[in-house]
Amino acid sequence: MQIGVCYYPEQWPRTMWADDARRMAELGISHVRIAEFAWSRMEPRKGVFDWTWLDEAIETLAARGLKLVLGTPTASPPKWLVDSIPDMLPVRADGTRWNYGSRRHYDIASVAYRKECERITEAMAQRYGRHPAVVAWQTDNELGCHDTVPSYSAAAQQRFQAWLAQRYGSIEALNEAWGNVFWSMEYPSFETVGLPVLTPTDANPSHLLDFRRYMSDEVASFHREQAEVLRRHAPDADVLHNFMGFFTTFDHYEFAANNAIDVATWDSYPIARTEVIGVPEADKARYARTAHPDVSAFDHDRYRAIGAGRFWVMEQQAGPVNWAPWNPVPAKGMVRLWAYEAFAHGAELVSYFRWRQCPYAQEQMHSGLNLPNNELSPGGEEVAQAAREIALSETLRTLGAPAPAAVALVFDYETQWMFEIQRHGVGFDYQTLAFDYYSALREQGLDVDIVSRHADLSAYRLVVVPSLAVLDDAFIAKVEQSDARWLFGPRTGSKTTHFAIPGNLPPGPLQRVLPLQVLEAESLRPTLAPALSLGDVSGAALHWREHVRANEGAQVDATFEDGWPALLSSGRVQYATAWLTHDLHRALLGAAARAAGLDTQTLPEGVRLARRGGLSFAFNFGEAQVRAPAPEGAQFVLGAPELARGDVCAWRDPR
Ligand code: GAL
């Protein structure tokens with residue numbers, strides 16, 4: 001459980017650095033991330049490097065025993081560079097170019113810019129790659145942020161064509177795969193394939209899907225080019241990238257594959273994130289100062305898998321931020337709570353953004369651990385408290401990793417892209433559905449691993465698949481070979497890999513283990529809400545419902561009031577034909593967990609649990625003071641059973 005901070009020495013007078021370093025060390029900070037936006041200071045003119053300031057900053061921090069994470073500065077190319085490669089500015093969907101004057105103003109498909117990125121990475125890595133205090137390197141910053149992937153430039157078009165040629169081999173194969181006979185969309189050659197944008201009506205979904213796959217590969221290869229340079233010059237350091245919460249524009253599992261990163265790190269701004277995701281307005285209101293109780297945990301559990309067990313929070317909200325529609329001050333305790341929450345989910349390090357609020361430029365309304373006048377901020381006080389508690393507790397300092405959970409939730413990026421391409425109904429968002437399932441499990445006290453469809457699922461007792469657009473034989477084999485319970489949500493198996501409806505109707509290959517067929521699928525306007533009860537819980541379908549036929553061997557477990565099946569099963573495998581209201585999801589997932597032999601709990605509103613290294617943690621995101629559900633005789637190592645809003649406790653189970 002280590003605490004870090006993001007620091008920008010280039011934004012402050014040199015006379016402050018030594019005192020900053022001293023105060024960081026005294027506060028209990030172990031890691032400091034620097035440099036990821038400082039290209040204009042490292043290389044003020046092409047080929048003219050000024051390392052003196054960075055040398056001094058690194059030595060000043062290292063002298064206090066602080067470990068450094070260096071960021072490559074490629075998210076903010078300097079003006080001279082942009083002027084020398086004018087077509088490196090990204091092209092938007094409407095064909096206009098972004099301007100210089102903020103950040104991320106580069107086209108990820110620009111080969112000339114990528115060469116510049118390798119050049120600056122090499123220069124930095126040559127200088128600091130073997131510095132004993134530099135323990136990790138971050139590539140770029142939040143790839144894809146500010147909608148800078150996809151790119152619609154001429155360069156992107158050419159590289160997309162090459163990508164397609166590689167994938168399909170012949171243009172006939174592409175035309176066949178995309179179904180281009182429809183509307184006379186057949187292409188004579190790869191060089192004639194354009195980008196799926198600015199078409200009078202919908203572009204071909206197969207075209208859109210391949211474009212998204214191509215862009216996802218571009219993001220991964222952009223990182224790899226830098227990672228390869230870093231590995232050469234900094235063989236002992238961890239290589240990482242700071243991902244974002246709820247961000248699905250590229251496939252993060254693919255990004256991380258083949259050791260492209262050593263640790264998955266992500267940037268956690270829970271209050272702002274709660275404002276912008278698809279949770280009901282009532283939840284946004286209820287949790288406006290604490291953030292939704294599952295919003296961070298969802299990504300902790302996802303990035304734990306993406307990092308193959310190793311994850312950090314690279315940027316943690318430390319007070320009010322500046323970029324959501326509203327930016328309230330967090331409730332007392334939350335800045336501390338978020339650190340423990342991340343640790344309980346397995347984080348090795350939680351690094352706060354940022355050391356000191358910067359009184360000028362774009363983020364002047366964004367808090368840090370210090371106010372602009374250098375007084376510790378309220379968030380800074382809470383971080384100091386957490387650091388003191390950890391320093392004093394042998395148990396917390398030496399806590400083992402979380403054990404694998406009994407429940408897996410499969411999350412799939414390609415499914416997100418496919419259902420974004422054809423939502424069919426405005427309310428259908430796959431990630432929101434996955435989050436609702438996740439939340440329903442977490443509300444009942446369950447730990448969840450969020451995993452890829454390619455993960456080994458054999459050890460789980462319950463596997464939850466909120467949806468998976470494309471099912472293949474390998475996935476069905478996992479179902480057949482495991483003795484877990486499986487729950488599949490709507491739209492599972494509804495597409496082929498080329499974005500067509502399977503010949504045997506959805507859910508395609510799932511029919512091997514659960515013989516049902518989707519005859520018609522409907523999206524639901526808010527006034528269409530087919531009613532359903534599960535036991536004593538009543539609710540309705542939302543956004544999406546399927547009219548299915550149960551074939552021989554399928555059992556109907558629940559039926560909508562209008563007679564259509566809602567839940568079907570065959571042995572250990574169950575299918576939900578609709579997106580259901582949240583209470584029904586809670587009932588459904590609770591029943592599935594109990595059928596899998598797991599204990600479920602009814603937690604007070606806003607309370608969540610997480611287990612790590614033999615400890616149970618409880619977090620209170622709710623308004624009311626509550627009692628943590630610790631068993632009789634539990635030995636508390638953090639806090640006490642009475643939890644006010646924003647408080648946390650942890651105990652060792654006496655059994
Ligand atoms: C992140 C970004 C940081 C900072 C922060 C503000 O998206 O990586 O540089 O802008 O947001 O919340």
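Conventions adopted
- Residues numbered from 1 in each chain as written.
- Predicted model: local features only at pLDDT ≥ 70, side-chain atom pairs only at ≥ 80, totals over all residues.
- Heavy atoms only, no water.
- Helix = DSSP H or I, 4+ residues; strand = E, 2+ residues; numbered from the N terminus.
- Buried < 20%, exposed > 50% of the residue type's maximum accessible area, 1.4 Å probe, protein only.
- Contact = heavy atoms within 4.5 Å.
- Areas by Shrake-Rupley, 256 points an atom, 1.4 Å probe, with all protein chains shown as cover.
- Lys, Arg positive; Asp, Glu negative; His and termini not counted.
- Charge placed at Lys NZ, Arg CZ, Asp CG, Glu CD.
- Axes fitted to C-alpha atoms, helices over the stretch in contact; angles between N-to-C directions.
- Left-handed = near helix turned anticlockwise from the far one by under 90°.
- Nonpolar A, V, L, I, M, F, W, Y, C, P; charged D, E, K, R; others polar.
- Phe/Tyr/Trp six-rings, centres within 6.5 Å; stacked < 30°, edge-to-face > 60°.
- Lys NZ or Arg CZ within 6 Å of the ring centre and 35° of its normal.
- Polar contact = N/O pair within 3.5 Å; in protein donor to acceptor, adjacent residues only side chain to side chain.
- 1 Å grid on protein atoms, 1.4 Å probe; cavity = no way out; pocket = protein on both sides within 12 Å on 5 of 7 lines; lining within 4 Å.
- Points joined across faces, edges and corners; volume = space filled by probe spheres on them.
- Parallel < 35°, antiparallel > 145°, perpendicular 65-115°, else oblique.
- Pairing = 2+ DSSP bridges.
- Near = heavy atom within 4 Å.
- Salt bridge = Lys/Arg side-chain N within 4 Å of Asp/Glu carboxyl O.
- Domains from an automatic or database assignment.
- Expected span 1.5 Å × (residues − 1).

Caption draft 1: Looking closely at the overall build of the protein. Within the protein, the secondary structure is distributed over 19 helices and 26 strands. In terms of overall dimensions, the protein has a C-alpha envelope of 75 × 75 × 40 Å along the principal axes. Within the span of the protein, comprising 655 residues, buried residues form 60% of the whole. Of the contacts formed within the protein by residues at least 6 apart in sequence, a portion of 70% connects residues at least 24 apart. When the accessible surface of the protein is split by element, carbon and sulfur atoms take 51% of a total near 25,100 Å². Within the protein, one finds 61 positive and 80 negative side-chain charges whose respective centroids are separated by 4 Å.

Caption draft 2: A look at the packing of helix α8 (residues 205-233) against helix α16 (residues 413-421). α16 packs onto α8 with a crossing angle of 145° between their chain directions and a minimal axis gap of 10 Å. Regarding α8 and α16, the two cross each other, and that crossing is right-handed. Where α8 abuts α16, its residues Pro205, Leu208, Leu209, Arg212, Arg213 and Ser216 lie against Glu414, Trp417, Met418, Glu420 and Ile421. Partitioned by chemical class, the residues of the contact of α8 with α16 number six nonpolar, one polar and four charged.

Caption draft 3: Main features of the packing of aromatic side chains. Inspection of every chain in the model, using the stated rule, returns 40 aromatic pairs. With a centroid separation of 6.4 Å and 85° between ring planes, the pair formed by Phe298 and Phe411 is classed as edge-to-face. With Phe298 in helix α12 (residues 295-306) and Phe411 in the loop between β10 (407-410) and α16, this residue pair connects regions lying 113 residues apart in the sequence. Taking the relative accessible area as the measure of exposure, Phe411 reaches 0% and is therefore buried. With centroids separated by 5.2 Å and ring planes inclined at 85°, the aromatic side chains of Phe411 and Tyr413 adopt a geometry described as edge-to-face. Overall, the relative accessible area of 0% leaves Tyr413 in the buried class. Over the ring of Trp98 we find Arg92, and its NZ or CZ is 4.7 Å from the ring centre. The ring of Phe560 carries the charged tip of Arg545 above its face, separated from the ring centre by 4.9 Å.

Caption draft 4: Examining the environment of Gln601 more closely. Inspection of the secondary structure puts Gln601 in the loop between α19 (582-595) and β21 (607-612). The exposure class assigned to Gln601 is partly exposed, which follows from its relative accessible area of 27%. A C-alpha to C-alpha distance of 9.1 Å links Gln601 and Pro629, two positions 28 residues apart in sequence. Setting aside chain neighbours within four positions, we find Gln601 in contact with Glu443, Gln444, Gly445, Leu609, Arg611 and Pro629.

Caption draft 5: Examining the side chain of Gln431 more closely. Checked against the element boundaries, Gln431 lands in helix α17 (residues 430-442). Separated by 3.1 Å, the side chain of Gln431 and the backbone oxygen of Phe246 make a polar contact. Residues contacting Gln431, with those up to four places away along its chain left out, are Phe246, Thr248, Phe298, Arg302, Phe411 and Gln416.

Caption draft 6: Looking closely at empty space enclosed by the protein. As enumerated under the stated definition, the model contains one cavity of 30 Å³ or more in all. Every residue lining the largest cavity is listed: Gly245, Phe246, Trp266, Asp267, Ser268, Tyr269, Pro270, Arg273, Val295, Ser296 and Asp299. Counting residues per element, the ones that place at least two in the lining of the largest cavity are β7 (264-268), α10 (270-276) and α12. Looking at side-chain class alone, the lining of the largest cavity contains five nonpolar, three polar and three charged residues.

Caption draft 7: Focus on the packing of helix α13 (residues 334-344) against helix α14 (residues 378-392). Running from N to C, α13 and α14 point in directions that differ by 45°, and their axes come no closer than 7 Å. In terms of axis orientation, α13 runs oblique to α14. Across the interface between the two elements, Met334, Val335, Arg336, Tyr340 and Phe343 of α13 pack against Gly379, Glu382, Val383, Gln385, Ala386, Glu389 and Ile390 of α14. Its residues assigned to classes, the contact of α13 with α14 comprises seven nonpolar, two polar and three charged.

Caption draft 8: A look at the sheet that holds strand β11 (residues 448-451). Spatially, the seven strands line up as an open sheet ordered β11-β10-β12-β13-β19-β18-β17, and their pairing is mixed. For this open sheet the edge positions go to β11 and β17 (555-559), each flanked by a neighbour on one side alone. Shown here is a sheet whose adjacent strand axes are inclined to one another by a mean of 20°, direction ignored. With four bridges joining them, β17 and strand β18 (residues 565-570) adopt antiparallel strand pairing. Looking across to β18, one finds that Val556 is bridged to Leu568. Where α17 meets the sheet, its contacts fall on β10, β11, β12 (462-465), β13 (485-488) and β19 (573-576), and the angle it forms with β10 comes to roughly 170°.

Caption draft 9: Spatial organisation of the site of the ligand. Within the structure, the ligand sits among Phe37, Arg103, Asn141, Glu142, Asp267, Tyr269, Glu315, Trp323, Phe353, Glu363 and His366. Within the side chain of Trp323, one N or O atom sits 2.9 Å away from an oxygen atom of the ligand. Coverage of the ligand by the protein chains reaches 95% of its 310 Å² of free accessible surface. A per-class count over the shell around the ligand returns four nonpolar, two polar and five charged.

Caption draft 10: Just the pattern of salt bridges, in detail. As enumerated under the stated definition, the model contains 47 salt bridges in all. A salt bridge links Arg423 to Asp429, with the shortest nitrogen-to-oxygen separation between them at 3.5 Å. Between Arg586 and Asp583 there is a salt bridge, and its shortest N-O distance comes to 3.4 Å. Residue Arg586 and its partner Asp583 are both found in helix α19; the two are separated by three residues, about one turn of the helix. Given a relative accessible area of 30%, Arg586 falls into the partly exposed group. Taken together, the shared-partner salt bridges in this structure form one network comprising Glu43, Lys46, Glu116 and Arg119.

Caption draft 11: Region of interest: the domain arrangement of the protein. What the domain assignment lists for the protein is domain 1 (1-149 + 219-255), domain 2 (407-595) and domain 3 (607-652). Relative placement of domain 1 and domain 3: their C-alpha centres are 38 Å apart.

Caption draft 12: Focus on α14. For α14, which comprises 15 residues, the first-to-last C-alpha distance of 22 Å matches the rise-based estimate of 21 Å (1.5 Å per residue) to within 8%. Restricting attention to buried positions, one finds in α14 the residues Gly379, Gly380, Glu382, Val383, Ala384, Ala386, Ala387, Glu389 and Ile390. In this structure, the buried residues of α14 make contact with β1 (2-6), α1 (17-27), α13, β9 (349-353), α15 (394-397) and β24 (635-638).

Caption draft 13: How the structure looks around the sheet that holds β21. On the basis of which strands lie adjacent, the open sheet formed by four strands has the order β21-β22-β26-β24 and antiparallel pairing. Single-partner strands in this sheet number two, and they are β21 and β24. The mean inter-strand angle of the sheet, taken between neighbouring strand axes irrespective of direction, is 30°. Across three bridges, β24 lies against strand β26 (residues 648-652) in antiparallel orientation. Paired with Phe636 across the two strands is Trp651, which belongs to β26. Of the strands in this sheet, β21, β22 (615-620), β24 and β26 touch α13, which is tilted by about 145° from β22.

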